[in-house]
Amino acid sequence: MFELGLSGQICHAGQPGLMQVVTNTEKRAIGSSGGFGYKCTKEGAEIALLDAAILAFWACATAKK
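Residues numbered from 1 in each chain as written. Predicted model: local features only at pLDDT ≥ 70, side-chain atom pairs only at ≥ 80, totals over all residues. Heavy atoms only, no water.

**Quick notes on the pairing of strand β3 (residues 25-30)**
- Examined bridge by bridge, β3 and strand β4 (residues 35-40) share six bridges and lie antiparallel to one another. Bridging from a neighbouring strand, T25 pairs with C40 of β4.
- The loop that links β3 with its antiparallel partner β4 comprises four residues; one of these, G31, has a positive phi angle of about 70 degrees. (Pairing = 2+ DSSP bridges. Helix = DSSP H or I, 4+ residues; strand = E, 2+ residues; numbered from the N terminus.)

**Considerations on the pattern of salt bridges**
- Within the structure shown, the criterion is met by one salt bridge.
- The partner of E26 in a salt bridge is K39, and the shortest N-O contact between them spans 3.4 Å. One end of the pair, E26, is in strand β3; the other, K39, is in strand β4, with 13 residues separating them in the sequence.
- What makes E26 partly exposed here is its relative accessible area of 38%. (Salt bridge = Lys/Arg side-chain N within 4 Å of Asp/Glu carboxyl O. Buried < 20%, exposed > 50% of the residue type's maximum accessible area, 1.4 Å probe, protein only.)

**Some thoughts on the confidence of the model for the protein chain**
- Scored by pLDDT, the protein chain comes out at a mean of 80, with 85% of its residues at no less than 70.
- Averaged over each element, pLDDT in the protein chain is lowest for strand β1 (residues 2-4) (53) and highest for β3 (89). (pLDDT = per-residue confidence, 0-100.)

**Focus on the environment of A29**
- Summarising the element assignment, A29 is placed in strand β3.
- Each C-alpha atom, one on A29 and one on K39, is 9.8 Å from the other, the two residues being 10 residues apart in sequence.
- Excluding residues that lie within four positions of it along the chain, A29 makes contacts with G35 and F36. (Contact = heavy atoms within 4.5 Å.)

**Things to note about the side chain of N24**
- Mapped onto the elements, N24 comes out in the loop between α1 (16-22) and β3.
- The buried category is assigned to N24, whose relative accessible area is 17%.

Structure follows, in structure tokens:
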């Protein structure tokens, strides 16, 4: 579960796996037109949890009512 807090930050329900991924990532360039993604700084860690959370948040934020 995610929500946008009053400070404009994303909050989640305390999932330890997501917290581990979020705190061990850095931005990486994708292509040459300013695109970016994220990569894990810990070897063997999976970035899919962060990618799914970002995509879910973006879909909710841009959904038309």
